[in-house]
Amino acid sequence: MASVKKLLGDLNKDSFISLLSKLIGEAKYVQNNPPELIPQEDRVVKHVLDSLLPFSTTTGGGPLLINHVTYFPGRGNVIVEYPGTVPGKVLSFVGCHMDVVTANPDDWEFDPFSLSIDGDKLRGRGTTDCLGHVALVTELMKRLAETKPKLKSTVVAVFIANEENSAIAGVGVDALVKDGLLNKLKEGPLFWIDTADKQPCIGTGGMIPWKLHVTGKLFHSGLAHKAINPLELAMEALKEIQSRFYKDFPPHDKEKVYGYATPSTMKPTQWNYPGGGINQIPAECTISGDVRLTPFYNVKDVIKKLQEYVDDINENITKLDSRGPVSKYVLPDENLRGRLAISFNETSAGVACDLESRGFHVLCKATEEVVGHVKPYSITGTLPLIRELQDEGFDVQTSGYGLMSTYHAKNEYCLFTDMAQGYQVFASVISQLED
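Residues numbered from 1 in each chain as written. Predicted model: local features only at pLDDT ≥ 70, side-chain atom pairs only at ≥ 80, totals over all residues. Heavy atoms only, no water.

Colleague: Whenever I open this one, the overall build of the chain confuses me. Can you help?
Modeller: Looking only at helices and strands, the chain has eleven helices and 19 strands in total. Dimensions of the chain, computed from C-alpha atoms along their principal axes, come out at roughly 85 × 45 × 40 Å. Expressed as a percentage of its 435 residues, the buried residues of the chain come to 54%. Taking contacts inside the chain between residues at least 6 apart in sequence as the whole, the part at least 24 apart equals 80%. (Helix = DSSP H or I, 4+ residues; strand = E, 2+ residues; numbered from the N terminus. Buried < 20%, exposed > 50% of the residue type's maximum accessible area, 1.4 Å probe, protein only. Contact = heavy atoms within 4.5 Å.)

Colleague: Teacher, can you tell me more about the packing of aromatic side chains here?
Modeller: What characterises a pair of aromatic rings is the spacing of the ring centres plus the angle enclosed by the ring planes. All chains considered together, the criterion is met by ten aromatic pairs. Taking 5.3 Å as the distance between ring centres and 35° as the angle between the ring planes, the aromatic pair formed by F245 and F249 counts as tilted. Neither F245 nor F249 differs from the other in exposure class; each is buried. Pairing Y258 with F296 gives two aromatic rings, centres 5.5 Å apart and planes at 55°, and the pair type is tilted. Note that Y258 is positioned in helix α7 (residues 253-258) and F296 in the loop between β13 (284-293) and α8 (299-315), a separation of 38 residues in sequence. By the burial criterion, Y258 is buried, and F296 matches it. (Phe/Tyr/Trp six-rings, centres within 6.5 Å; stacked < 30°, edge-to-face > 60°.)

Colleague: Explain a nonpolar patch on the surface here, please?
Modeller: A cluster of nonpolar side chains, M235, W271 and Y273, forms an exposed patch at the surface whose accessible area comes to about 290 Å². Looking at the secondary structure, you find Y273 in the loop between β11 (265-272) and β12 (280-281). Owing to a relative accessible area of 38%, Y273 belongs among the partly exposed residues under this scheme. (Patch = residues over 30% accessible without salt bridge, like charges linked within 9 Å, V, L, I, M, F, W, Y side chains within 5 Å. Areas by Shrake-Rupley, 256 points an atom, 1.4 Å probe, with all protein chains shown as cover. Salt bridge = Lys/Arg side-chain N within 4 Å of Asp/Glu carboxyl O.)

Colleague: I tried to follow the pairing of strand β6 (residues 154-160) on my own but got confused; where do I start?
Modeller: Remember that side chains alternate between the two faces of the sheet whenever the strand is regular. Of all the seven residues making up β6, seven are buried; the element is thus mostly covered by neighbouring parts of the structure. The alternating pattern of β6 places T154, V156, V158 and I160 and V155, A157 and F159 on opposite faces, both of which are buried. As paired elements, strand β2 (residues 75-82) and β6 share five bridges and run antiparallel to each other. When the sheet's bridge partners are listed, Y82 is paired in β6 with V155. For strand β3 (residues 90-97) and β6, the ladder comprises seven bridges, and the chain directions are parallel. (Pairing = 2+ DSSP bridges.)

Colleague: Just to check I follow, could you spell out the nonpolar core for this structure?
Modeller: In summary, soluble globular proteins display a tendency toward joint burial of nonpolar side chains. Ranked by size, the top nonpolar core spans 65 residues in total, and within it F16, F93, M141, F159 and I430 carry the most contacts. If we skip the residues at most four places from it in the chain, F93 touches V137, L140, V155, V156, A157, V158, F191, I193, F426 and I430. (Core = buried A, V, L, I, M, F, W, Y, C linked by side-chain atoms within 4.5 Å.)

Colleague: I'm lost on the side chain of N162 in this one. Help?
Modeller: Its place among the elements puts N162 in the loop between β6 and α5 (173-178). The exposure class assigned to N162 is buried, which follows from its relative accessible area of 10%. A polar atom in the side chain of N162 sits 3.5 Å from the backbone oxygen of N165. In this structure, N162 is in contact with N32, E41, R75, D99, I168, V171 and G172, ignoring residues within four places of it in sequence. (Polar contact = N/O pair within 3.5 Å; in protein donor to acceptor, adjacent residues only side chain to side chain.)

Colleague: Looking at this structure, I do not really get helix α3 (residues 42-52). What am I missing?
Modeller: Quick reminder: α-helices carry 3.6 residues per turn. Residues three or four places apart thus point the same way. For α3, the set of buried residues is V44, V45, H47, V48, L49, S51 and L52. Residues of α3 that are buried make contact with α2 (13-24), β1 (65-72), β2, α4 (131-147) and β6.

Colleague: So what exactly am I meant to see when it comes to the sheet that holds strand β4 (residues 116-118) here?
Modeller: What links the strands of a sheet is backbone hydrogen bonding, and the strands pair in either a parallel or an antiparallel sense. Reading across from one edge, β4-β5-β19 is the order of the three strands in this open sheet, with antiparallel pairing throughout. At either end of the open sheet lies a strand with only one pairing partner, and these are β4 and β19 (413-415). Between one strand axis and the next, the sheet turns by 25° as a mean value, whatever way the strands run. Sheet analysis places β4 next to strand β5 (residues 121-123), joined by three bridges and oriented antiparallel. Directly across from D118, in β5, lies its bridge partner K121. Strands in contact with helix α11 (residues 416-432) are β5 and β19; relative to β19, the strand with the most contacts, it is inclined by about 60°. (Axes fitted to C-alpha atoms, helices over the stretch in contact; angles between N-to-C directions.)

Colleague: Looking at this structure, how should I read the layout of surface pockets?
Modeller: Here the idea is plain: a probe the size of a water molecule rolls over the atoms and shows the empty space left. Reported here for the largest pocket is a volume of approximately 1,000 Å³. Taken together, 37 residues form the lining of the largest pocket, with E163, E164, S166, T382 and P384 sitting closest to its centre. Elements that contribute at least two residues to the lining of the largest pocket include exactly α5, β9 (206-215) and α10 (384-391). Forming the walls of the second largest pocket are 13 residues, and the residues nearest its centre are N298, V299, K300, A349 and R387. (1 Å grid on protein atoms, 1.4 Å probe; cavity = no way out; pocket = protein on both sides within 12 Å on 5 of 7 lines; lining within 4 Å. Points joined across faces, edges and corners; volume = space filled by probe spheres on them.)

Colleague: Help me understand helix α9 (residues 358-371) in this model?
Modeller: Here α9 is 14 residues long and its end C-alpha atoms lie 20 Å apart, about the 20 Å a rise of 1.5 Å per residue gives. Every buried residue of α9 is accounted for by G359, F360, V362, L363, C364, A366, T367, V370 and V371. Measuring from the backbone nitrogen of G359 back to the side-chain oxygen at the start of α9 gives 2.9 Å, which picks out S357 as the cap. Just downstream of α9, G372 is the residue with a positive phi angle, here 105°. (Expected span 1.5 Å × (residues − 1).)

Colleague: Looking at this structure, how should I read the pattern of salt bridges?
Modeller: Side-chain pairs of opposite charge can arise whenever the charged atoms involved come near each other. Under the counting rule described, the total for this entry stands at 16 salt bridges. As a salt-bridge pair, E26 and R43 come within 2.7 Å of each other at their nearest N and O atoms. One end of the pair, E26, is in the loop between α2 and α3; the other, R43, is in helix α3, with 17 residues separating them in the sequence. The partner of K198 in a salt bridge is D418, with the nearest N and O atoms 2.9 Å apart.

Colleague: Looking at this structure, I do not really get the environment of D354. What am I missing?
Modeller: Residue position: D354 is located in the loop between β16 (339-344) and α9. We classify D354 as partly exposed; its relative accessible area is 39%. With 193 residues separating them along the chain, D354 and A161 place their C-alpha atoms 26 Å apart. Contact partners of D354, with chain neighbours within four places excluded, come to F360, D395 and Q397.

Colleague: Mind showing me how you'd approach the sheet that holds β9 here?
Modeller: One open sheet holds the four strands; their spatial order is β11-β13-β9-β16, and the pairing between them is antiparallel. On the outer flanks of this sheet lie β11 and β16, each paired with one strand and no other. Shown here is a sheet whose adjacent strand axes are inclined to one another by a mean of 25°, direction ignored. Its contacts with the sheet place helix α6 (residues 230-248) against β9, β11, β13 and β16, and it is angled at close to 165° to β11.

Take a look at the structure:
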């Protein structure tokens with residue numbers, strides 16, 4: 001089906017940059033950090049619809065079937081369908097989300113909320129994650145509608161709301177799946193376009209956010225023998241917890257197959273205590289962190305183990321290493337014991353894509369053909385929505401054409417040449433799936 005690739009041609013640079021400029025101009029209004037910042041994704045939807053409605057059955061101007069689905073006012077999703085001729089034969093590009101992470105203009109070298117161009121660099125919040133992909137897939141669907149190739153496969157694009165924050169549910173792809181609006185996509189490969197660096201991302205990590213609250217006894221630091229130092233207890237307890245975690249959840253053999261950059265990890269990322277003078281040993285402190293878990297281990301098993309570690313340390317607290325001759329975690333004369341309590345916030349599980357899938361094979365072939373090499377990779381970053389799709393029976397493969405180095409970062413940018421290659425990869429995928 002070389003004719004499909006020939007019809008679709010190359011990414012139209014002027015059209016793409018014109019659309020992307022409009023989308024980045026909305027980035028300020030689609031920052032997702034509730035309750036302060038609740039995105040209005042319909043501001044992005046408007047520009048997508050302006051591009052595609054002239055080629056839709058809605059206006060009579062073309063073949064595209066367009067469904068603007070809204071569960072919360074101003075926070076829409078868009079499902080765009082280019083119909084094929086064979087019932088049940090479908091491929092989809094999903095995951096292009098219309099919200100972005102926050103950006104503080106004072107921290108940037110350029111305005112994050114307007115598109116600026118520096119040679120090949122397209123700069124602004126959302127260029128890599130994920131408004132660049134919204135523009136890219138919009139341009140793909142527009143070209144399909146303009147050139148009208150006779151395809152066996154129905155090609156579906158799904159632009160979603162509310163990917164960057166899960167505090168408010170029932171807005172985006174979770175609601176679309178619940179309502180059955182994506183069911184037909186189970187009949188073919190689903191390409192989730194929200195990663196980076198032009199290579200298939202075949203594995204992600206689960207996440208278990210945890211808090212370890214430690215209680216000791218406050219006292220003057222010059223009389224340390226009368227205190228239970230929660231800072232020392234927290235450090236020694238966490239060391240023991242981490243040691244047990246890495247014994248119970250060591251690097252898994254499949255991590256090599258999937259090319260994970262790291263195995264599962266459990267580590268602190270934040271430290272908090274109530275405050276006080278430098279000469280006070282505080283009464284309590286909290287260490288927070290996360291577990292990043294490869295998908296070959298079960299989230300519930302890890303939570304159960306972490307709780308067991310804490311319970312055992314509390315039961316045997318006198319066996320825990322201490323620090324110096326008066327460091328202790330029990331004051332028998334006062335009937336006081338230091339203690340630990342662990343709690344967990346919302347968890348998510350990782351994904352291992354199906355390496356036997358037709359979708360995976362065509363994505364690899366297209367990537368090698370266009371980029372010049374293919375090297376699938378895996379990371380323990382999280383994409384919780386795709387695990388939910390996989391659990392629902394979708395064949396999820398993931399890729400993306402922004403830059404990992406600027407993902408969620410200050411001074412975010414993507415490269416036009418990378419996006420242009422992404423367009424060619426999509427054309428190759430469509431073409432291969434016709435055979």
